[in-house]
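Commentary on secondary and tertiary structure
Take a look at the letters that make up each chain.
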Amino acid sequence: MSNEWLWILFAIINFTLLLSVYRIFGKPGLFVWIGMSTVIANFQVVKTVELFGLNATLGNILYGTAFLATDILNEKYGKKDAQKAVWMGFTTLIVLTILMQMAILFTPGENDIAQSAFTTIFGVGARIAIGSLVAYIISQYFDVWLYTRLKRMFSGSRTLWIRNNGSTMVSQLMDSAIFCAIAFYGLYPIEVWLEIFLTTYIIKFIVAALDTPFLYIARRFKTEE
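Read on for a plain summary of the structure.

**Considering the pairing of strand 1 (residues 48-51)**
On strand 1, burial follows the alternation: V49 and L51 on one face are buried, whereas T48 and E50 on the facing-out side are not. Connecting strand 1 to the antiparallel partner strand 2 (residues 54-57) that follows it, the hairpin turn spans two residues, and F52 within it adopts a positive phi of roughly 55°.

**A word on the pattern of salt bridges**
Enumeration according to the criterion identifies four salt bridges in this entry. For E75, the salt bridge goes to R163, with nearest N and O atoms at 2.9 Å. Of this pair, E75 sits in helix 3 (residues 59-76) while R163 sits in helix 7 (residues 160-184), and the two are 88 residues apart along the sequence. R163 gets classed as buried once you look at its relative accessible area, which sits at 0%. A salt bridge links D175 to K204; the nearest nitrogen and oxygen atoms lie 2.4 Å apart. Here D175, found in helix 7, pairs with K204, found in helix 8 (residues 190-210); they are 29 residues apart in sequence, far enough to count as distant. For the residue pair D175 and K204, the accessibility class agrees, reading buried in each case. Ionic contacts of the salt-bridge type, sharing partners, join the residues E75, R163 and R219 into one network.

**A word on the side chain of Q172**
Take Q172: it is sitting in helix 7. Those residues in contact with Q172 that lie beyond four places of it in its chain are Y63, G64, F67, Y201 and K204.

**Focus: helix 8**
Taking 1.5 Å as the rise per residue, helix 8 with 21 residues should run 30 Å; its terminal C-alpha atoms sit 30 Å apart, in good agreement. Every buried residue of helix 8 is listed here: W193, F197, T199, T200, Y201, I203, K204, V207 and A208. Elements in contact with the buried residues of helix 8: helix 1 (3-25), strand 2, helix 3, helix 7 and helix 9 (212-220).

**Some thoughts on the nonpolar core**
Counting 40 residues, the largest nonpolar core has Y22, L30, L68, I72, L73 and Y136 as its most contacted members. Those elements that provide at least two residues to this core are helix 1, helix 2 (27-44), strand 1, helix 3, helix 4 (79-105), helix 6 (126-153), helix 8 and helix 9. For this core, the leading source of residues is helix 3, giving eight residues. Once residues lying within four places of it in the same chain are set aside, the contact partners of L30 are L18, Y22, A69, I72 and L73.

**As for the side chain of D143**
Inspection of the secondary structure assignment puts D143 in helix 6. Buried charge D143 goes without a salt bridge, the closest partner of opposite sign being R163 at 11 Å.

**A word on helix 4**
When the terminal C-alpha atoms of helix 4 are compared, their 40 Å separation across 27 residues agrees well with the 39 Å that a helix rising 1.5 Å per residue should span. Among the residues of helix 4, D81, A82, Q83, A85, V86, G89, F90, L93, L96, M100 and I104 are the ones counted as buried.

Parameters at a glance
Residues numbered from 1 in each chain as written. Predicted model: local features only at pLDDT ≥ 70, side-chain atom pairs only at ≥ 80, totals over all residues. Heavy atoms only, no water. Buried < 20%, exposed > 50% of the residue type's maximum accessible area, 1.4 Å probe, protein only. Helix = DSSP H or I, 4+ residues; strand = E, 2+ residues; numbered from the N terminus. Pairing = 2+ DSSP bridges. Salt bridge = Lys/Arg side-chain N within 4 Å of Asp/Glu carboxyl O. Contact = heavy atoms within 4.5 Å. Expected span 1.5 Å × (residues − 1). Core = buried A, V, L, I, M, F, W, Y, C linked by side-chain atoms within 4.5 Å. Lys, Arg positive; Asp, Glu negative; His and termini not counted.

Right, dumping it as structure tokens:
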């Protein structure tokens, strides 16, 4: 199976698992998913693959499900719950960063087999770690704010795709711009930096478009809070 078909299947599985967690556990399941997805996405982002002729990271799909989860919360439970979920995800990222950076500092034992893997996955530079944290909290908070505004303007069920795609695609653009600016600006020639930024956003744009049917499905679920 080619990377492209596997990537599409991977996206469908990610969104289906999110809906399954929501269906089984209700609103608490979305809170858990956001914390979990932000952690796992930071593992996956280390792996790069070629998709549609572009270099991309695997973490973009799972990271995108966090935006879908906050949109579901905003749509069905309101802005306050969506903002609470954003802060839970942000706190999870901070805890992960601090604890794993400290874990790397320990001198490994003679028979240790994990240090090199830990260093590869978590030994990111300070700019990348800061860029990830700043981009997450700003873009997610903006997503919640914009979704709320669009919901007031386009409140009907038929316009759900407008508030979903509008908020997610714009906030993902902001996320990519902030992360690339903090993590990579000045390290590469401007044309290389622009290529990194554009390819990162294109992948996120596609993920945002793919999640729309899943939000329609989630909207129909009758779950306990």
